[in-house]
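# Analysis of the macromolecular model
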Amino acid sequence: MQTYAYGFPRLGENREFKRAIESFWSKQISEQELKDRIKKLEEDILITYEQYVDKFPVGEMTLYDNMLDTAAMLGVYDCGGLDKYYDLCRGKNALEMTKWFNTNYHYLVPVLNSANFRAAWNKPAEKKDLFKKGIPYFIGPWTFLKLCKNTKKENTRNLLLSLADAYFQLIKDFEEVHFDEPAFVMELSQEEISFIKEAYKKFENLNTKIYLFTYYDSVDFLKDLYELPLKGIGLDFVNGKENLENIKKCGFPEDKLLIAGVVNGRNIWRTNIQNTVALTKQLSLYAKNIAISNAGPLYHLPLSTEGENLNEKLLKKVSFAKERLQELKLIDEACKGDLTAAENWNENIDFGVNETIKKKVADLKDEDFVKLIPYEQRLEKQKEILGLPLFPTTTIGSFPQDKEIRKKRADFRKGRLSQEEYGKFVEFKIDNLIKLQEDLGLDVFVHGEFERTDMVEFFAQKLDGIASTENGWIISYGTRVYRPPIIYGDVSRPQPITLAEINFAQSLTKKPLKGMLTGPVTIIAWSFVRDNIPLSDVAYQISLCLRSEIEDYEKSSIKIVQIDEPAFRERAPLKKRDWDKYFNWAVKSFNLASQSKPETQIHTHMCYSEFGEIIEHIIKMDFDVITIEAARSKGGIVEDFQRVDFKKQIGLGVWDIHSPLVPECGDMKKIIQRALEILPKENFWINPDCGLKTRQMEEVAKGLKNMIEVAKKFRETDAVFSGQKN
Ligand code: GLN
Ligand code: ZN
């Protein structure tokens, strides 16, 4: 049996990928130096692959994002020169960014204006050199097309056929190629499947062997897939449970290689070697040629558990990317009959059990998930208490985390700064921010989240049953990285999580200050989550912790609470037929967490621009105000809210914080005007479209000043308007 691995993390052991690119941006290193460093990273990955598996792709490396690279390779963008390239990533011409399937990786969304594609080689490495070493990697044509924005509404068939011609040119000289086609696991129409068949038919007469990988879920059209001119087909047997059933029904073609994804690329729990051997045996009843591989690309996992300071028991339960490669080897050996190493791999270890919280979740009743007082009545009470002006202004929570903060935090972690000194420093930052917000004239304040490295990690560190890693970084987009926590046991709140900072901030101002919480779905989505109880139970355990936190806020007279759920959409299953089940518990977890007094105004924040498809679920979440991303789609999303006759308050993001540009008053005005054609002004909040953490303080102060000026103008115009009417 062969082994095949792909998608190994590009970040490097010490985040060299991030360091190199950011050093180039800040002009500390030259273009050549950047390219050399990236090349070295790529070579290291190949060496790692070589150590453990038989087959692997080459050319997975990018200087920012593979979707953009693919677009450039197909002539959609001219990226001659790195400045042009990075301008599309983060400059004035930055492309929209969105989540890659239901993961937390964000890709740049290429915009297709025509069906003219042409093959233009642009991999960091020379074509011939590199590809002697592995199988040339490509995002497949269907996945590429599905993830692009098709502004001119070009006909899908035309686009795909023309794309296939360009791909033909790209791949024709290679012996073998690797195609990633995760979009094959979506629910495709018969028509779409026929387009795919027609397009792939173009590769039929090539000598190039295509290994095509699907992952994240199962493929619904196996029989049709078998008809494509492929040498190998990668199926995900971890996250796509239906694949096994389908293979039992449809068999597997004798002339093809089944590349069975058996070690999880999405989660970190060690693969059970014995069960996997049994699975491959079962598969071999249907498929003659089998290779085993990872199920989903490995870049969703940190590099390696080596040197990780986790609890010993926990460490014995987890595998990161490198350990996944090791597992492939173990499974291969076990299949050959050598079980020694495999037996030590899976010890039966149980820990992290908390009977009290388990019982609390088991005892939950329907009424724990609904608010007794409806929105309209809550609104009256809140209006009186808060006394906000028309078009209230606020921010989403975080403020710039500069070098100084990072240094203090590192000092604190390393013991060079005491808890007290660090605490004083955070208070100093909060104090300054409150003054800034007073000066600017914002209406609802935040404390700035200076104490938080990351909105999930911070909560993870304060809750029992969740562990954090030292070096378990993964890329969220471009060069941005984060360390997903590990939810290994029952989650409980041993002490308040955020209360001290929130109370401190509120004590400095008369303006209402938002208590800032990360919601259960987001905590789950951005963590590695135990798989031995239902996800809904994990979510409810977290909800109960947040509910206690809100009760503490209320005792301290905090009047507004924001529960961030930026990952609410992202965590949804890829197949819509699985949506109801997911959204049911996701919505319930929000409503359970936000069981507050009617006087407490509950906000939620999501940063996802296409709300249309999930709006039915969002309106079941019983918040009072929702702040959402809109700046990039220029306010177009309000139409989704109109469609469902949305009655609550909305803070439409008027400032795209992913861009380093200071927002202009004129641009913000346009977004607001467009929204006000549809939304009643009484329900309208004005705010940036996400947290300001990644920006510079200077930009932020200017941007907010502009934003508040715009809000004031709208209030004045409204006053004039109302005056005229009277
Ligand atoms: N409150 C968080 C912040 O401002 C929200 C971040 C997010 O939506 N991703 O940083
Ligand atoms: Zn956001």
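Below: a short report on this structure. Since we're looking at a predicted model, the values are computed, not measured.

## Details of helix H3 (residues 66-73)
- Burial runs high along H3: eight of the eight residues are buried.
- Lining the buried residues of H3 we find helix H4 (82-90), strand S4 (106-108), strand S6 (135-139), helix H6 (141-147) and helix H7 (156-171).
- With a side-chain oxygen lying 3.2 Å from the backbone nitrogen of Met-67, the N-terminal cap of H3 falls on Asp-65.
- One or two steps after H3, the chain reaches Gly-75, where phi turns positive at roughly 80°.

## A few points about the site of ligand 1
- Near ligand 1, the surroundings consist of Ile-396, Gly-397, Ser-398, Glu-449, Met-455, Met-516, Asp-564, Pro-566, His-605, Cys-607, Cys-690 and Gly-691.
- Within the side chain of Ser-398, an N or O atom sits 2.7 Å from an oxygen atom of ligand 1.
- Separating a nitrogen atom of ligand 1 from a side-chain N or O atom of Glu-449 is a distance of 2.8 Å.
- In terms of residue class, the shell around ligand 1 is made up of six nonpolar, four polar and two charged.

## Quick notes on the coordination of the zinc ion (ligand 2)
- For the zinc ion (ligand 2), the full set of protein donor atoms is His-605 (NE2), Cys-607 (SG) and Cys-690 (SG), and the range of their distances to it is 2.1 to 2.3 Å.
- For the zinc ion (ligand 2), the four donor atoms in the first shell make angles of 86 to 128° at the metal, so the coordination geometry reads as tetrahedral.
- Between the donor residues of the zinc ion (ligand 2), the gaps in sequence give the motif H-x1-C-x82-C. Taken together, the residues His-605 in strand S20 (residues 601-606) and Cys-690 in the loop between strand S23 (684-687) and helix H27 (697-725) connect sequence positions 85 residues apart.
- A relative accessible area of 2% places His-605 in the buried class.

## So, the pairing of strand S10 (residues 232-236)
- Counting buried positions along S10 yields five of five residues, so the element is predominantly enclosed.
- Residues Gly-232, Gly-234 and Asp-236 point to one face of S10 and Ile-233 and Leu-235 to the other, with burial holding for every one of them.
- Across three bridges, the pairing between strand S9 (residues 209-213) and S10 is parallel. Among the inter-strand pairings, Leu-212 is bridged to a residue of S10, identified as Ile-233.
- Assessed by its sense of winding, the connection that carries the chain from S9 through helix H9 (residues 222-227) to S10 is right-handed.
- Bridge analysis of S10 against strand S11 (residues 257-264) gives five bridges, and the strand direction is parallel. Its bridge partner lying in S11, Leu-235 is registered against Ala-260.
- Handedness of the crossover joining S10 and S11 through helix H10 (residues 242-250) is recorded here as right-handed.

Reading the values: rules and limits
Residues numbered from 1 in each chain as written. Chains lettered and ligands numbered in written order. Predicted model: local features only at pLDDT ≥ 70, side-chain atom pairs only at ≥ 80, totals over all residues. Heavy atoms only, no water. Buried < 20%, exposed > 50% of the residue type's maximum accessible area, 1.4 Å probe, protein only. Helix = DSSP H or I, 4+ residues; strand = E, 2+ residues; numbered from the N terminus. Contact = heavy atoms within 4.5 Å. Polar contact = N/O pair within 3.5 Å; in protein donor to acceptor, adjacent residues only side chain to side chain. Near = heavy atom within 4 Å. Nonpolar A, V, L, I, M, F, W, Y, C, P; charged D, E, K, R; others polar. Donors = N, O, S within 2.8 Å, 3.2 Å for Na, K, Ca; no water. Tetrahedral: all angles 85-135°; square planar, octahedral: opposite > 155°, others 65-115°. Pairing = 2+ DSSP bridges. Right-handed = clockwise from strand over helix to strand, strands pointing away.

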